Amino acid sequence: MAYEVKIGPIRQIVGQSRKAKFLEHVEILAHGLPLGPLAWNMAYGNIPVLGAIALVLVLDVACADQTITLRNGVRMPMVAAGTFLYNNSQAEASVDAALSVGFHMFDTATDYNNQVGVGRALSKTARGEFFLMTKVPGCGEPGVRIGHCYEDTKTALSKSLQLLNVTFVDAVLLHTPPTPALLLRTCTPICDMIRSQWQAMVEFYNSSRTRAIGVSNYCDSCMGCLEGEHSLGETPMINQVMYNFGMGSHWRGLNDTAHRLNLTLQAYSPLGSNLMHNLFHESLAKDPDAIRIAAAHNRSIFNLALKFITDQGIPLVTKSSNPVHLKDDLDLWSYRLTRNETAILQAKKSPFYESMTTYMCSQWK
Ligand SMILES: NC(=O)c1ccc[n+]([C@@H]2O[C@H](COP(=O)([O-])OP(=O)(O)OC[C@H]3O[C@@H](n4cnc5c(N)ncnc54)[C@H](OP(=O)(O)O)[C@@H]3O)[C@@H](O)[C@H]2O)c1
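None of these values were measured; they are calculated from a predicted model.

Engineer: Provide a residue-level description of the overall build of the protein chain, including the pertinent values.
Structural biologist: Along the protein chain, the regular secondary structure elements total 16 helices and 12 strands. In the protein chain, which comprises 365 residues, the proportion classed as buried is 43%. Taking the contacts inside the protein chain whose residues are at least 6 apart along the sequence as the reference set, 72% of them involve residues at least 24 apart.

So this is what it looks like as structure tokens:
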């Protein structure tokens, strides 16, 4: 006899011979959750029926917390491990480490030049047990020539599958708007490039080589190029943008757009990014309110910075090569911030963001 159970994004077929292993897995999971140990002890102690019901409820709440459902019904983990700035062997090692501490989602990109390493690490795991996201370059970036946005995007998409050594990915994004947007500070005059790239994305999706499609670093004017473009069949399901503790309320405009277009906003560089990591260490990690709130929950300041994002219902991609840090980054589900704490953190604005527009977006109207 076999039965099927869904835990977060993972679908496991569990047979008799694997029952003990499965129960051990459930026990470990339950013990990491509020009221989990109580439910577990009831289920396997003197109140089995009530305990089993409590256990199902506790696990259900936890699972609901750990994934987010995209517009097309695909469930995406709330926390992903990124690979920005890693070469192939570093990416392989970091994905291996992330898998070993319980990550199920991984983020890479054509531009990171490490898809082979990511694929190598994931080849040791069953395909149904991980969510793989990659990105193809915006038109004008290396590999996708202006004037050839459609056909070069198609080529980049196929090449990603080849490098990752998979037959499908779970999500693929256009990494940036076309490069002229950087100079023009708007996407409006280059909507045709965006639509050409998007057409290639929709075809890729329709041929089942990805389970979801989206964009990244798309400001409102760029999203506007695809809004109402029903002739292309699909609009973006995800917009991956920079969002971290210290950005003040600027991100809310993008969040409003995401709600209006029924797409999922996903945060990258939730710890202030590698490039700006010193900034996080020097200012936000020393913020007295953040230190107080983290201490009140007995958490690291890094854990708090991630929790601040997921508590708002926003999924994120972080990154670490250190298994201790990776473990810390996943430990977000057994506590909640109060509204007051979230409000205090939301109001924090790092001096860095006073002089730089968040996500490079605010001037791209
Ligand atoms: N779409 C885009 O344009 C875009 C742009 C940037 C990033 N991304 C994606 O988002 C991912 C994350 O962004 P990011 O790489 O900028 O980094 P990030 O998550 O903001 O910060 C990563 C840094 O934080 C440290 N860290 C992580 N967890 C920690 C912990 N618990 N305690 C202490 N330090 C911790 C890591 O150092 P250690 O290694 O020492 O732990 C690493 O240097 C990228 O890797 C990439 O996949 C996308």
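Once the structure has been displayed, the description carries forward.
Engineer: Which residues make up the nonpolar core, and what values go with them?
Structural biologist: The biggest cluster of nonpolar side chains holds 85 residues, and the ones touching the most others in it are Phe106, Leu132 and Val172. If you tally residues by element for this core, the top one is helix α8 (residues 191-206), at seven residues. Setting aside its immediate chain neighbours within four residues, Val172 contacts Thr134, Lys135, Val136, Leu157, Ser160, Met201, Phe204, Thr210 and Ile213.

Engineer: Could you give an account of helix α4 (residues 88-101), with specific residues and numbers?
Structural biologist: Since the α-helix turns once every 3.6 residues, residues separated by three or four places project in the same direction. Between its terminal C-alpha atoms α4 stretches 20 Å, which fits the 20 Å expected from 14 residues at 1.5 Å a residue. Every buried residue of α4 is accounted for by Ala91, Glu92, Ser94, Val95, Ala97 and Ala98. Buried positions along α4 lie against β5 (79-81), β6 (105-107), α5 (115-122) and α14 (323-330).

Engineer: Break down α14 for me, citing the residues and quoting the values.
Structural biologist: For α14, the complete set of buried residues consists of Leu326, Asp329 and Leu330. The arc enclosing the buried residues of α14, seen along the axis, measures out at 95°, which places them on a common side. Looking at the packing, one finds that the buried side of α14 touches β5, α4, α13 (301-310) and β12 (316-318).

Engineer: An account of the environment of Asp328 is needed here, citing residue identities and associated values.
Structural biologist: By the secondary structure assignment, Asp328 is in helix α14. With 18 C-beta atoms counted inside 10 Å, the residue Asp328 sits in the partly exposed group. Remark: the alpha-carbon pair of Asp328 and Phe302, spanning 26 residues in sequence, is separated by 8.1 Å. The residues touching Asp328, leaving out its near neighbours within four places in the chain, are Ser300, Phe302 and Asn303.

Engineer: Please give an account of the packing of α4 against α5 that cites residues and values.
Structural biologist: Direction vectors running N to C along α4 and α5 enclose 35°, while the axes themselves pass 7 Å from each other. The chirality of how α4 crosses α5 is right-handed. On the side of α4, the interface is formed by Asn88, Ser89, Ala91, Glu92, Val95, Asp96 and Leu99, while α5 contributes Val116, Gly117, Val118, Arg120, Ala121 and Leu122. Taken together, the residues of the contact of α4 with α5 break down into seven nonpolar, three polar and three charged.

Engineer: Account for unusual backbone geometry, with residues named and values stated.
Structural biologist: Most peptide bonds are trans, and most residues other than glycine sit at a negative phi. We note that Asn262 has phi near 55°; this positive angle belongs to a residue other than glycine. One can find Asn262 in the loop between α10 (252-260) and β11 (264-268). Note on Asn262: 11 C-beta atoms within 10 Å, which makes it exposed. Unlike most non-glycine residues, Ser269 shows phi in positive territory, near 45°. Within the element layout of this structure, Ser269 appears in the loop between β11 and α11 (277-282).

Engineer: With reference to specific residues and values, describe the environment of Ala121.
Structural biologist: Looking at the element boundaries, Ala121 is found in helix α5. C-alpha of Ala121 to C-alpha of Val95: the two residues are 26 residues apart in sequence and 6.1 Å apart in space. Once residues lying within four places of it in the same chain are set aside, the contact partners of Ala121 are Glu92, Val95, Asp96 and Leu99.

Engineer: Describe the environment of Ala181, naming the residues involved and giving the relevant values.
Structural biologist: Summarising the element assignment, Ala181 is placed in helix α7 (residues 180-184). Remark: the alpha-carbon pair of Ala181 and Cys222, spanning 41 residues in sequence, is separated by 8.7 Å.

Engineer: I'd like a rundown of the pairing of strand β8 (residues 171-174), residues and numbers included.
Structural biologist: What you see with β8 is no split at all: Ala171 and Leu173 on one side and Val172 and Leu174 on the other are buried throughout. Relative to β8, strand β7 (residues 131-136) runs parallel, the two being bridged by four bridges. Looking across to β8, one finds that Thr134 is bridged to Val172.

Engineer: Quick one: what's the story with the pairing of β7, residue by residue and with numbers?
Structural biologist: When you tally the buried positions in β7, you get six out of six residues, the bulk of the element. Side chains of β7 alternate between two faces, with Phe131, Met133 and Lys135 and Leu132, Thr134 and Val136 buried alike. Sheet analysis places β6 next to β7, joined by three bridges and oriented parallel. Paired with Met105 across the two strands is Phe131, which belongs to β7. What joins β6 to β7 is α5, and the crossover it makes is right-handed. Crossover connection from β7 via helix α6 (residues 149-164) to parallel β8: handedness right-handed.

Conventions and cut-offs
Residues numbered from 1 in each chain as written. Predicted model: local features only at pLDDT ≥ 70, side-chain atom pairs only at ≥ 80, totals over all residues. Helix = DSSP H or I, 4+ residues; strand = E, 2+ residues; numbered from the N terminus. Buried ≥ 20, exposed ≤ 12 C-beta atoms within 10 Å, placed from the backbone. Contact = placed C-beta atoms within 7 Å. Core = buried A, V, L, I, M, F, W, Y, C linked by C-beta atoms within 7 Å. Expected span 1.5 Å × (residues − 1). Arc of directions from axis to C-beta. Axes fitted to C-alpha atoms, helices over the stretch in contact; angles between N-to-C directions. Left-handed = near helix turned anticlockwise from the far one by under 90°. Nonpolar A, V, L, I, M, F, W, Y, C, P; charged D, E, K, R; others polar. Pairing = 2+ DSSP bridges. Right-handed = clockwise from strand over helix to strand, strands pointing away.

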